[in-house]
Amino acid sequence: MRIDTALGWAISQLEGGESPSVDAKVLLAHILNQSQTYLFTWPDKTLSPQQQQQFEHAVKERQAGKPVAYIIGQRDFWTLSLGTSPHTLIPRPDTEVLVERALAWLQQPSQSHLNHELEICDLGTGTGAIALSLAAELPKCRVIGVDFLDEAVHLATSNAKRNSITNATFIQSDWFSALDGYKFDAIVSNPPYIETTSPYLLEGDVRFEPSSALTSGVDGLDDIRHIIHSAPSFLKASGMLAFEHGFDQAEQVQQLLRQAGFIDVVSYKDYGGNDRVTLGQISG
Ligand code: GLN
C-alpha cells in the first residue's frame, strides 16, 4: 500500500473521531520512523507488509479511543520528547503554563543570586514533564520529582536519560512521605484534581488514563488540600508553591494557600483562557 493510500484509508477509518487527519499522520510517521514532511514528500512510497500491519493495528486502537500518546508511547512537552505509559497522565499543553510561571518566579532578580543552588520539587511527577522542563531550563538547579507509583519513577528516570538531563532525580514517595528533612526553594505540582463523579471522565483520552492521576475526592481538592497543609514544612523561607488545578478551582486554591500562610497568591490562565495555575510564597 502507498503512503497516500494508507493515509486516505486511515482518515476514513477515524472519521468522527477528534482529529482523524492529524492522528493518521502522527501514527504513520511513527511507524515509518520518519517525519510528517516525509509523508508528503514521498506519497508514492509503499509500506512493507509489516509496516502496513502495524499501521492497521494502530488505527484500530485509535478507533477504539486509545490516546495517540499511548499508542506511539511518546509525547512532546516543552522542548522535550517524553516516553509515556498507561500508568501516568499524558502531558498536556496547558501544563506548560505551570512550567512558564514557575520559571518566571525562579528567574526573578531576587532569586538570581541563589540560582546555582535552587532546589525544586515536583510532586506527582508522572512522566517527569514538569521536573524535566525546569531542570532543562535551569541546569544549575537540582530537581527532585516524586511519584507514588514505581512505574512513574522508572519512566521519569528514563525520560531524563532520553533528554540527557542530569540535574533531575526521581524517587518513590506518597507526596511528602519520603522527603523528611528536605527544604525546597520551590514546590510545583500537577496533582489529580477532577471530581470523582465528573462526567468529563467518560469522554476522550481521560478514559484511558489512570484515575490515580486524575481524580481527588468529591470536590477534586483532596490532594491539593493535603499538599498545601504539608508544604510549609518542606519550603525554605520565602519558598514558593505552585499548582495546576481545575478551571473553576482558582478561588478555592487561593483561599487554601492564604489560610496556610502563603502570601502574594496569584492565578494564571491557560491557553483556553481558564484560571489554571495558582502560585503562592511562604512568608519569609
Ligand atoms: N488537566 C487534566 C485534564 O483536564 C487533568 C489532570 C489532572 O487532574 N491533573 O484532563
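Overview of the structure.

Analysis parameters
- Residues numbered from 1 in each chain as written.
- Predicted model: local features only at pLDDT ≥ 70, side-chain atom pairs only at ≥ 80, totals over all residues.
- Heavy atoms only, no water.
- Phe/Tyr/Trp six-rings, centres within 6.5 Å; stacked < 30°, edge-to-face > 60°.
- Helix = DSSP H or I, 4+ residues; strand = E, 2+ residues; numbered from the N terminus.
- Buried < 20%, exposed > 50% of the residue type's maximum accessible area, 1.4 Å probe, protein only.
- Pairing = 2+ DSSP bridges.
- Near = heavy atom within 4 Å.
- Polar contact = N/O pair within 3.5 Å; in protein donor to acceptor, adjacent residues only side chain to side chain.
- 1 Å grid on protein atoms, 1.4 Å probe; cavity = no way out; pocket = protein on both sides within 12 Å on 5 of 7 lines; lining within 4 Å.
- Sits in = over half its atoms within 2 Å of the grid points.
- Nonpolar A, V, L, I, M, F, W, Y, C, P; charged D, E, K, R; others polar.
- Contact = heavy atoms within 4.5 Å.
- Points joined across faces, edges and corners; volume = space filled by probe spheres on them.
- Core = buried A, V, L, I, M, F, W, Y, C linked by side-chain atoms within 4.5 Å.
- Axes fitted to C-alpha atoms, helices over the stretch in contact; angles between N-to-C directions.
- Parallel < 35°, antiparallel > 145°, perpendicular 65-115°, else oblique.
- Left-handed = near helix turned anticlockwise from the far one by under 90°.

We now examine the packing of aromatic side chains. Applying the stated rule across the entire model yields 3 aromatic pairs. With a centroid separation of 4.4 Å and an interplanar angle of 10 degrees, the aromatic rings of F176 and F234 are classed as stacked. Of the two residues, F176 is situated in the loop between β5 (168-172) and β6 (184-189) and F234 in the loop between α10 (222-230) and β7 (235-244); the sequence distance between them amounts to 58 residues. As far as the burial class goes, F176 and F234 line up, both buried. With centroids separated by 5.5 Å and ring planes inclined at 5 degrees, the aromatic side chains of Y182 and F184 adopt a geometry described as stacked. Assessed through its relative accessible area of 34%, Y182 is described here as partly exposed.

Turning to the pairing of strand β8 (residues 262-269), a few remarks are in order. Bridge count between β8 and strand β9 (residues 275-282): 6 bridges; the pairing is antiparallel. Residue pairing in the sheet places K269 in a bridge with D275 of β9. Where β8 hands over to β9, the hairpin turn is made up of 5 residues, of which G273 adopts a positive phi near 85 degrees.

A word on the site of the ligand. The local shell around the ligand consists of L89, R92, N190, P191, P192, Y193, I194, Y200, V206, A213, L214 and E244. Take N190: an N or O atom from its side chain is 2.7 Å from a nitrogen atom of the ligand. Here E244 contributes a side-chain N or O atom positioned 3.3 Å from a nitrogen atom of the ligand. A majority-of-atoms criterion places the ligand in the largest pocket. Residue composition of the shell around the ligand, by class: 9 nonpolar, 1 polar and 2 charged.

Tracing the backbone through its elements, the reader meets T95 in helix α6 (residues 95-106). A relative accessible area of 4% means that T95 is categorised as buried. Looking at T95, its side chain comes within polar contact range of the side chain of E244, at 2.6 Å. Excluding its chain neighbours within four sequence positions, the residues that come into contact with T95 are F77, I130, N190 and E244.

If you add up the space inside the largest pocket, you get close to 640 Å³. A breakdown of the residues in the lining of the largest pocket according to their chemical character gives 13 nonpolar, 6 polar and 11 charged. The volume enclosed by the second largest pocket comes to roughly 450 Å³. Contributing to the lining of the second largest pocket are 29 residues, with G124, D147, P192, S212 and A213 lying nearest its centre. Elements supplying a minimum of two residues to the lining of the second largest pocket: β3 (119-123) and α8 (129-137). Of the residues belonging to the lining of the second largest pocket, the class tally is 14 nonpolar, 10 polar and 5 charged.

Looking now at the nonpolar core. Counting 33 residues, the largest nonpolar core has L106, I120, L132, L134, A168, F170 and M240 as the members making the most contacts within it. Broken down by secondary-structure element, the contributors of at least two residues to this core are β2 (80-83), α6, α8, α9 (150-162), β5, β6, β7 and β9. Ranked by the residues each element gives to this core, the list is headed by α6, at 7 residues. When sequence neighbours within four positions are dropped, the list of residues in contact with L132 reads L80, L82, T127, A156, N159, A160, I165, A168 and F170.

This next bit is on the packing of helix α1 (residues 3-13) against helix α4 (residues 49-63). Running from amino to carboxyl end, α1 crosses α4 at an angle of 20 degrees, the nearest separation of the two axes being 10 Å. Viewed along their axes, α1 and α4 adopt a mutual orientation that is roughly parallel. As for how α1 packs across α4, the hand of that crossing is right-handed. Of the residues in α4, those in contact with A6, W9, A10 and Q13 of α1 are F55, E56, V59 and Q63.

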